[in-house]
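Understanding the architecture of this molecule
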Amino acid sequence: MKNIPDKDILLFRSCLVSVEYPGVEASTKFVFDKLGIDYAISEKQTCCTGLGHYSDVFSQLDTTAIGARNFKIAREIGRPNLVMMCATCYAINKKSVKLLNKKDDLRDEINELFEENGLSHLKYEKDDLKPTENIFHVVDILYGKKDKIKENIKYDLSDYTIATHHGCHYCKVHYEDTIGGVRDPNIMDEIIEECGCKTIGWYDHKRATCGTGFRQRYSNPDLSFTATADKMNAVADEDVDILVHLCPNCHIQFDRYQHLISKREGRNFRAIHLNITQFLALAMGGDFDKVIGVKAHTVPIESVIKDLREVSK
Amino acid sequence: MVFDYNPRDIIERVLDGDITILEDENIWNCFYCYTCHSVCPVGNSVCEVNQILKQFAIANGIAYDKLYEYMGFADSYFTAAIGAIPEIFFEDIDRDVPGWWDFRQNLDEIREELELDPPLMPSDEVIDEVSKILTITGFKDKIERIRQSQEADL
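Residue numbers run consecutively from 1 along every chain, following the written order of its sequence. Whichever chain is written first is A, and whichever ligand is written first is 1; the rest continue in order. For a predicted model such as this one, the threshold for reporting local features is a pLDDT of at least 70, and the threshold for listing and counting side-chain atom pairs is 80 or more; totals across whole chains, interfaces and linings nevertheless cover every residue. Only hydrogens and water are set aside when side-chain values are computed; all heavy atoms of the structure are taken into account.

Here a strand is any run of E in DSSP of at least two residues, a helix any run of H or I of at least four, and the numbering for each starts at the N terminus. Looking at where Arg256(A) falls in the secondary structure, it is placed in helix α13 (residues 248-256). Separated by 153 residues in the primary sequence, Arg256(A) and Lys103(A) place their C-alpha atoms 39 Å from one another. Note on contacts: a residue pair is in contact if any heavy atoms of the two residues lie within 4.5 Å. Sequence-distant contacts of Arg256(A), defined by excluding residues within four places in its chain, comprise Glu20(A), Tyr21(A), His251(A), Ala296(A), His297(A), Thr298(A), Asp96(B), Val97(B), Trp100(B) and Phe103(B). Pairing of N or O atoms within 3.5 Å defines a polar contact, subject to two protein rules: one partner must be a possible hydrogen donor and the other a possible acceptor, and residues neighboring in sequence count only if both atoms are side-chain atoms. Polar contacts involving the side chain of Arg256(A) include one to the side chain of Asp255(A), which spans 3.4 Å.

Below you can see the structure in the form of structure tokens.
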């Protein structure tokens, strides 16, 4: 098992979390505070380029140069452990660190561009950051502290039928670093178990894409929603109440489009969609509006979570 | 819907040096889900090959039209250092997602209730630095070429 940090963390802001599900950021802070994680946010850090990169507007050079700037900010404030709320930010930043360390020509090209244009303070030296030791997703940090979760649980969510959707860009891109399985991903199932709940575990299409496909959702929606419908049908076959996510791209695809895909499939899909940090924050007693951010959700959280029962001590 | 995306066919054509792959619509149908990448027994990564093919296509001016809808993302990042869903898609989202537009109108209020800071808009200093980076990597020129092509197509 790799060493998972609990301090010197830069909590990397996500463009989609910020404007689509801000409760994910509030819930991450709430849960990190409960678990004693040392983290900070920087107002200088910018978006990983995600949607632009995977819609092919940003080349690898563009994305890696932006990455080098963000990595320098993390090091400057003494927080070299980048922790991402979004699976795509995680995949992109880890890839950029790998490239900057291994591809001397790319690193030299970026450093020369910085040097020649008054940006030499942003230069990246080989191994400034390490992909395995410094680049994490929030789920990794939660997993590292999973022994501390149980003592912070206030509400019993074990009566709900719970399933997990592990984002492709967490599990499949840098699979050598993925905790809890790639072909049968389980990191979130293990974290949820620490809340006193049992997920349904494996289900048909568990490891399949949410269907976003970046440009596919916008430019090729029929193709995108066909993939999503496969997964929504599989989740409905298991009569799932709560589908737990780790990526805002997937979260959007399921929560925002469930209504549309229900009509398309002629089937009433009823699961609510929570990020893993929102699930934990809920179980730890976080306020619906002030922590979970339920107003940002399209499928109402209250349609499933009608009342909360405190855990018996 | 006809969908004949075949990762094996793409790799075979690349290995054969078949340059016509750059003009094949199928390379644009990849989801970047990395399933091929994660299971390939010989370490191929068709999705990353696709990504490189698309960059070749763009560099050769073959596929500018594929990027027209995403110019809003480029503009937002270049001028405001913010990654954002392009506004050109807002009408579709508003049609397909009940309550989304109202939610977006109330975003500041929701963020305030969640006590989130710092604000969404980066400082001028950050924006200047990011714009400079994207100028020296050639991004700005590329976007201008694509926009000229888009205007010529209208």
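This part is about the packing of helix α4 (residues 71-80) of chain B against helix α9 (residues 139-153) of chain B. Residues and elements named next belong to chain B. In the contact formed by α4 and α9, the axes pass within 11 Å of each other and the chain directions differ by 145°. In the crossing of α4 with α9, the sense of the turn from one axis to the other is left-handed. Contacts between α4 and α9 involve Met-71, Ala-74, Asp-75 and Phe-78 from the first element and Phe-139, Lys-140, Ile-143, Ile-146, Arg-147 and Gln-150 from the second. Helix axes are fitted only over the stretch in contact, all axes being lines through C-alpha atoms; the angle between N-to-C directions runs from 0 to 180 degrees. For a crossing to be left-handed, the near helix must be turned anticlockwise from the far one by less than a right angle; the clockwise case is right-handed.

In this section: the sheet that holds strand β7 (residues 242-245) of chain A. The strands making up a sheet are joined through hydrogen bonds of the backbone, oriented either antiparallel or parallel. Residues and elements named next belong to chain A. Overall, parallel pairing links the 3 strands, which are arranged β6-β7-β8 in an open sheet. Strands at the two margins of the open sheet, each flanked by one partner only, are β6 (162-164) and β8 (272-275). Averaged over neighbouring strand pairs, the angle between their axes works out to 30° when direction is ignored. A pair of strands is considered paired only if DSSP assigns at least 2 bridges between the two. Note: β6 against β7, 3 bridges, orientation parallel. Paired with Thr-164 across the bridge in β7 is Val-244.

Geometry only, nothing functional implied.
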